[in-house]
Amino acid sequence: MIEIPSDLHPDLVPLAFLLGNWAGAGVSDFPGAEKCNFGQEVTFSHDGRDFLEYVSHSWILDADGNKVGPLESETGYWRIDKDRKVEVVMARDQGVIEIWYGELADQKPQIDLVTDAVARTAASGPYSGGKRLYGYVKSDLMWVGEKATPEVELRPYMSAHLKKVVTPEEVEAMAKSLGDDLPDDGIAFFK
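Turning our eyes to something else, we now look at the environment of Thr43. Here Thr43 shows up in strand E2 (residues 36–45). Apart from the residues within four sequence positions on either side, Thr43 is in contact with Gly20, Asn21, Glu53, Tyr54 and Val55. Among the polar contacts made by the side chain of Thr43, one reaches the side chain of Asn21 at a distance of 2.8 Å.

Structure (structure tokens):
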């Protein structure tokens, strides 16, 4: 279920499905880098202004699913206009700044993005642009990223399946909102 916070800027309502803390795993595979499974935590938050703040941290996982070391981190800001056009400004720990443009699909929570501008520091690796697809599917957030370099044509390089993280405070708030009209046994509740 998608909840729309009462203090969310009205322009951001179409992006409300992104809000929250997400965690999950995915696969990274690109020529010149070792293929790996990774874990990821993503947060989309807001402070009442007309953008969502985005923070992502990912780490390499071993065959048993244990953290081996960091993979990459990103931070940025997401906006949407009245025509469902989405713009994202993103900075990566690898020394890359990107401006992404895209569109929120009609009648479904799916966003297609393409880089419009890329700036790199001298220390960053080769990178010339990318595409991303984000989708809200059965209450989960899924995404796939494509990447291009001067040597490698645009191709998929990362994807992940993330689940909403519920904090103890959120569980307490949900419990308090249930009220006192619940049946005494769990079975009667489902009849």
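Our next topic: the nonpolar core. Core analysis: the biggest nonpolar cluster contains 34 residues, and Leu18, Phe44, Leu52, Trp78, Val86 and Ile111 have the highest contact counts within it. If one sorts the elements of this core by residue count, strand E10 (residues 155–164) sits on top with four residues. Apart from the residues within four sequence positions on either side, Leu52 is in contact with Leu8, Leu12, Leu15, Leu18, Leu19, Phe44, Ser45, His46, Gly76, Tyr77 and Trp78.

Of note in this structure, Arg84 is not a glycine but carries a positive phi near 70°. Looking at where Arg84 falls in the secondary structure, it is placed in the loop between strand E4 (67–80) and strand E5 (85–92). Exposure remark for Arg84: the relative accessible area of 28% places this residue in the partly exposed category. With a phi close to 70°, Ser139 is a non-glycine residue in the positive phi region.

With that out of the way, let us pick up the sheet that holds E4. The 10 strands lie next to each other as E1-E2-E3-E4-E5-E6-E7-E8-E9-E10, forming a closed barrel whose pairing is antiparallel. Each neighbouring strand pair of the sheet contributes to a mean axis angle of 25°, computed without reference to strand direction. Bridge count for strand E9 (residues 140–148) against E10 is seven bridges, and the pairing is antiparallel. The partner of Met142 across the bridge, within E10, is His161.

Scoring rules and cut-offs
- Residues numbered from 1 in each chain as written.
- Predicted model: local features only at pLDDT ≥ 70, side-chain atom pairs only at ≥ 80, totals over all residues.
- Heavy atoms only, no water.
- Helix = DSSP H or I, 4+ residues; strand = E, 2+ residues; numbered from the N terminus.
- Contact = heavy atoms within 4.5 Å.
- Polar contact = N/O pair within 3.5 Å; in protein donor to acceptor, adjacent residues only side chain to side chain.
- Core = buried A, V, L, I, M, F, W, Y, C linked by side-chain atoms within 4.5 Å.
- Buried < 20%, exposed > 50% of the residue type's maximum accessible area, 1.4 Å probe, protein only.
- Pairing = 2+ DSSP bridges.
- Axes fitted to C-alpha atoms, helices over the stretch in contact; angles between N-to-C directions.

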